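This is what each chain is made of:
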Amino acid sequence: MSVQSANLSNSTVLRPLADAVPARVRRLPEGMELFSRPLVPLAIVLILAFLVVLGISFARSPVAALWGASSFAVAIWLRGGHGWAFDLSFASLIAVGIAAGELMAGNSAELTVMFTAMQVLEIVTALILIRRFAPSDPFSTVDGSVRFLIAAAVLAPVPAGLSAAACLTLIHGHDFLSSFQTWWFGHALGFATLTPLAMSITRDRIRLFAHPARLAEGVGLLLLLAGVVTWVFLQNSLPLSFVASPLLLLVAMRLRLLGSTLGLILVSLIAIGMTMDGYGPFTLNDSLTRSEQVMLAQLFVVLGCLPTLLVSSVLEERDALAAAARIGKRNAELASGAKSRLLANVAHEIKSPIGGIIGIADLWSSGQLGPVTPAQAEVTGILVKTARQVEALAHDLLDVARAEAGAVLVQLRPTNATGLMEDMRRSWAVRPETHGLAITLTRNPEPVIALADSQRLAQVLDSLISNAAKYGAAGGRIQLSASRLDDHVRLEVRDDGPGLSPEKQAQLFEPFNRIGLERSTIEGHGIGLALAKRLVELQDGRIGVTSTPGRGATFWVELPAA
């Protein structure tokens, strides 16, 4: 029994380990998800073989048109995965597909090996350059698009093109320059059109065509583009640039990157295919060979139509920035709302205990709680003064919260700005804070009438005069003025204090920012000017300051004239 129990125990322990071994063996390395479904690699091989056969059939014209194998392989490689295991496996996969296409097209074993090696070299070169110099989603920005086109379309075909041209020259005696041109033009055009199309197919971009109206618009624009370009080539008279480019721009503006790449491929196929059949403006010159005529058509597509790809990249980048701005605005509004609610709650929580403190201090100072000594009377006076300051802060916090939440009601009516400033002057002239200060008002022969809320405007002026009394008292004078300028009214509060530097002026209207005077003996919380700015804006006005260090400061408010 003991032996049997031991065997059962061992089998129980070892069975999970035995079951785990095949799972680890079957697990694919990181980045190899593409090979987890056998039909996908098979489909890639078949597509590559078909594109190679198609390209070779055109090349025997003897002109290379759209060689799609390289561009398709690069796009799938970039989107498929990464890592050395994936790169090695995918390189072998595309080599099989290209070689199968070469053999199916009837090439000899020698040419099959040569062209397969050249195309794999080209694909690997393009992959290295794109990964090194282009971002992961290159066509979402103009900079990324330019980097991709230079890396893939301009530079990547060069090493393979030179190698292929050298082999054809040595083996078959072909003209080196002509062979290189044929290779470079065809493959560069494929990288510039087919690869962007394959890389632009994403869920977000396809979702743009989910609406039937947008889908119908896209199909209609592409059919119109194809029909017009075909008609132009059949006429053999009109330059293609004056017709295709505006339509491609329209497609780029309406259909963005996906539509723009589809339009480029349509124009390329029609322009090159019809030129090869002897149609179009590039066939009018009989002194050129058919190969040279097709190269002109390819060159025109690159120079005349390809810039529309950059236009679509500009629009994609703008859309992304606009979306980011909308998200940022929404987040800022949510944060502002949360801050306003916090301010309101804090202010409400402060008001109740402060009111109790003031009441108790009043009872204490009046002797209703018992005899009061002179020291106690002084303490209660300080206590009440401090509590009043905290109470004023609570009211300011409530006003700021209401203003930022849009809960402040403003009734704009014709308001006598001169009379309001005279009332403010008289009120401040008898306050202890302005003892020793001369407050004057520059009067106008005629009343200055502004379209404003008199209560809120008085609150703004009160804050400006309080600010001048605190920080500009060294000058000994506060000067008020009201004037009409064209269709608006300008109110000014000027002091002869130390003035403000440009750096401090830029921070004046920020909440809780006392521009470096937090530890000074001057009382304040940095809320008044921020609240004044918001109240002026609610009255369709503007507020600002003009100041020079050492020459005082002039705070001004501009409101619509009544």
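As a reminder, the structure under discussion sits directly above these lines.
Sequence order as written defines the numbering, with residues in each chain counted from 1. Totals for whole chains, interfaces and linings use all residues, but because this is a predicted model, local features are given only for residues with pLDDT of at least 70 and pairs of side-chain atoms are given and counted only at 80 or more. The basis for the side-chain values is all heavy atoms of the structure; hydrogens and waters are excluded.

Enquirer: Tell me about the pattern of salt bridges, residues and numbers included.
Expert: For this analysis, a salt bridge means a side-chain nitrogen from Lys or Arg found within 4 Å of a carboxyl oxygen belonging to Asp or Glu. Inspection of the entire model under this criterion finds 17 salt bridges. A salt bridge links Glu217 to Arg254; the nearest nitrogen and oxygen atoms lie 2.6 Å apart. Of this pair, Glu217 sits in helix α10 (residues 212-235) while Arg254 sits in helix α11 (residues 241-276); the two residues are 37 residues apart in sequence, bridging distant segments of the chain. Exposed residues in this analysis have more than 50% of their type's maximum accessible area, buried residues have under 20%, and partly exposed residues fall in between, with area computed by a 1.4 Å probe over protein chains only. Given a relative accessible area of 25%, Glu217 falls into the partly exposed group. We note a salt bridge from Arg542 to Glu558, for which the minimum N-O separation is 2.7 Å. Pair noted here: Arg542 is in strand β6 (residues 542-547) and Glu558 is in strand β7 (residues 553-560), with a separation of 16 residues, a long-range link. Note on Arg542: relative accessible area 49%, which makes it partly exposed. Residue classification places Glu558 among the buried residues on the basis of a relative accessible area of 11%. Through salt bridges with shared partners, a single ionic network connects Arg490, Glu492, Arg542 and Glu558. Where helices and strands are cited, they refer to DSSP runs of H or I of at least four residues and of E of at least two residues respectively, numbered from the N terminus.

Enquirer: Tell me what's going on with the environment of Pro41, and back it up with residues and numbers.
Expert: Summarising the element assignment, Pro41 is placed in helix α2 (residues 39-59). Put simply, Pro41 and Ile94 are 53 residues apart on the chain and 9.3 Å apart in space, counted from C-alpha to C-alpha.

Enquirer: Give me the lowdown on the environment of Leu248, citing residues and values where you can.
Expert: As for its position among the elements, Leu248 is in helix α11. Along the chain, Leu248 and Val311 lie 63 residues apart, while their C-alpha atoms are 9.7 Å from each other. In contact with Leu248, not counting residues within four places along its chain, are Leu225, Gly263, Leu264, Val267, Cys305 and Thr308. Contacts are residue-level and defined by heavy atoms, with any inter-residue pair within 4.5 Å sufficient.

Enquirer: Summarise the packing of helix α3 (residues 68-80) against helix α8 (residues 176-200); cite the residues concerned and give the values.
Expert: Here an axis means a line fitted to C-alpha atoms, over the contact stretch when the element is a helix, while the angle between two N-to-C directions is reported on a 0 to 180 degree scale. Closest axis-to-axis distance for the α3/α8 pair is 8 Å, and the angle between their directions is 35°. The two elements α3 and α8 cross, and the hand of that crossing is right-handed. Taken together, the residues of α8 that come into contact with α3 (itself represented by Gly68, Ser70, Ser71, Val74, Ala75, Leu78 and Arg79) are His187, Gly190, Phe191, Leu194, Thr195, Ala198 and Met199. Along the lines of polarity and charge, the residues of the contact of α3 with α8 split into seven nonpolar, six polar and one charged. In this scheme the handedness of a crossing depends on how the near helix is turned from the far one: anticlockwise by less than a right angle means left-handed, clockwise means right-handed. Three classes are used, and their members are as follows: Ala, Val, Leu, Ile, Met, Phe, Trp, Tyr, Cys and Pro are nonpolar, Asp, Glu, Lys and Arg are charged, and the others, Gly among them, are polar.

Enquirer: Help me get a handle on the side chain of Thr195, residues and values and all.
Expert: Among the structural elements, Thr195 can be located in helix α8. Sequence-distant contacts of Thr195, that is, excluding residues within four places in its chain, are made with Ser71, Val74, Ala75, Phe148 and Gly190.

Enquirer: Give me the sheet that holds strand β2 (residues 438-442): which residues, what numbers.
Expert: By the convention used here, strands pair only if DSSP detects at least 2 bridges between them. With respect to topology, five strands assemble into an open sheet ordered β2-β4-β5-β7-β6, the strand pairing being mixed. Strands with a single pairing partner mark the edges of an open sheet, and in this sheet they are β2 and β6. Ignoring strand direction, the axes of neighbouring strands in this sheet form an average angle of 15°. As paired strands, strand β5 (residues 488-495) and β7 are joined by eight bridges and run antiparallel to one another. Among the inter-strand pairings, Val493 is bridged to a residue of β7, identified as Phe555. Lying over the sheet, helix α16 (residues 454-471) contacts β4 (477-485), β5, β6 and β7, oriented at roughly 25° with respect to β5.

Enquirer: Lay out the nonpolar core with the relevant residues and their values.
Expert: Nonpolar side chains in soluble globular proteins tend to be buried together. In this structure, Trp77 and Phe148 are the most contacted members of the largest nonpolar core, which totals 63 residues. Take the buried residues of types Ala, Val, Leu, Ile, Met, Phe, Trp, Tyr and Cys, join any two whose side-chain atoms come within 4.5 Å, and each joined set is a nonpolar core. In this structure, Leu437, Val493, Leu508 and Val557 belong to the second largest nonpolar core, which totals 40 residues.

Enquirer: Residues and numbers for unusual backbone geometry, please.
Expert: Unusually for a residue other than glycine, Arg256 sits at a positive phi of about 60°. Here Arg256 is to be found in helix α11. For Arg256, a relative accessible area of 15% corresponds to the buried category. At Asp486, a position not held by glycine, the phi torsion is positive, near 55°. Its place among the elements puts Asp486 in the loop between β4 and β5.

Enquirer: Now, about the packing of aromatic side chains: what can you tell me, with residues and values included?
Expert: Within 6.5 Å between ring centres, the rings of Phe, Tyr and Trp (the latter by its six-membered ring) count as paired, and their orientation is classed by plane angle as stacked under 30 degrees, edge-to-face over 60, tilted in between. Applying the stated criterion to the full structure yields five aromatic pairs. Between Trp77 and Phe90, the aromatic rings sit 5.2 Å apart at their centres with planes inclined by 50°, giving tilted as the arrangement. Within this pair, whereas Trp77 is found in helix α3, its partner Phe90 is found in helix α4 (residues 84-104), the two being separated by 13 residues in sequence. You'll find Trp77 and Phe90 in the same group, each marked buried. Consider the rings of Phe115 and Trp183, whose centres lie 6.4 Å apart with planes at 10°: the pair is stacked. Here the residue Phe115 occupies a position in helix α5 (residues 109-133), and Trp183 occupies one in helix α8, the gap between them amounting to 68 residues.

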